[in-house]
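Residue-level listing of the chains:
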Amino acid sequence: MTPTKTTLTFLKICLALNVLAFINSVMLGAFAFSTAMQAHEFITSPQYKVQAGLSPFFSLGAMILWGYCIYFYYKFDKYFKGGLALLFLPGLVSPFYFYKVIWQQKRPLQNK
């Protein structure tokens, strides 16, 4: 029930991109909304353009990881709390679900 080695490697890369997407969104939010006077200066700065350009790349990896977690949940694991959390908080829960359930298998799968 574990993914193949190449799939697991690809999902580890997606996990890293998910973490980078979270960090990038926090940084963009913190810098852009620090003060109303500096927000315009930050949006026109080259740093914002680089971060905003990397956001879709990071988000794509996060979406792939989330999609695989949903697939794994419905195929192999029917744990009620995990499914609700994956549907309502996908960006926050999918890295933990991937690490604990798919990669490390910290708990037994419940497929009824």
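Numbering of residues starts from 1 in every chain and runs along the sequence as written. Local features in this predicted model are restricted to residues of pLDDT 70 or higher, and side-chain atom pairs are both shown and tallied only at a pLDDT of 80 or more, whereas totals for entire chains, interfaces and linings draw on every residue. Here the side-chain values reflect all heavy atoms present in the structure, with hydrogen atoms and water set aside.

Caption draft 1: Main features of helix 3 (residues 46-76). By definition, any uninterrupted DSSP run of H or I lasting at least four residues is a helix, any uninterrupted run of E lasting at least two residues is a strand, and each is numbered from the N terminus. Given the number of residues in a helix, its expected span is that number minus one, multiplied by 1.5 Å. Its 31 residues give helix 3 an end-to-end C-alpha distance of 45 Å, which sits within 8% of 45 Å, the value for a rise of 1.5 Å per residue. The seven residues ending at a residue and the seven starting there each receive a fitted axis; the angle between those axes is the bend at that residue. At Ser55, helix 3 is bent by approximately 30 degrees, the largest bend along its length, and proline Pro56 sits one to four residues beyond. Of the residues making up helix 3, those classed as buried are Gln51, Ser55, Phe58, Gly61, Ala62, Leu65, Tyr68, Cys69, Ile70, Phe72 and Tyr73. Relative accessibility decides the category of a residue: with a 1.4 Å probe and only protein chains considered, values under 20% of the type maximum give buried, values over 50% give exposed, and everything between is partly exposed.

Caption draft 2: Here's a closer look at the packing of aromatic side chains. Two rings from Phe, Tyr or Trp (for Trp, the six-membered ring) form a pair when their centres sit within 6.5 Å of each other. Planes less than 30 degrees apart are called stacked, planes more than 60 degrees apart edge-to-face, and all others tilted. Counting across every chain of the model gives seven aromatic pairs. Ring geometry for Tyr68 versus Tyr71: centroids 5.7 Å apart, planes at 50 degrees, classification tilted. Linking Tyr68 with Tyr71, this pair stays in helix 3, spanning three residues, or about one helical turn. On the accessibility criterion, Tyr71 (43% relative accessible area) is partly exposed. A network of ring pairs unites the aromatic residues Tyr68, Tyr71, Phe72 and Phe76 as a single cluster.

Caption draft 3: Geometry of the side chain of Asp77. Summarising the element assignment, Asp77 is placed in the loop between helix 3 and helix 4 (80-88). Counted as a polar contact is a pair of N or O atoms within 3.5 Å, where, for protein atoms, one must be capable of donating a hydrogen and the other of accepting one, and residues adjacent in sequence contribute only when both atoms are in side chains. In terms of polar contacts, Asp77 uses its side chain to reach the side chain of Tyr97, at 3.0 Å.

Caption draft 4: Up close: helix 5 (residues 90-103). A bend of about 30 degrees at Tyr97 is the largest found in helix 5. Every buried residue of helix 5 is listed here: Val93, Ser94, Pro95, Tyr97, Phe98, Val101 and Ile102.

Keep in mind these values describe shape, not function.
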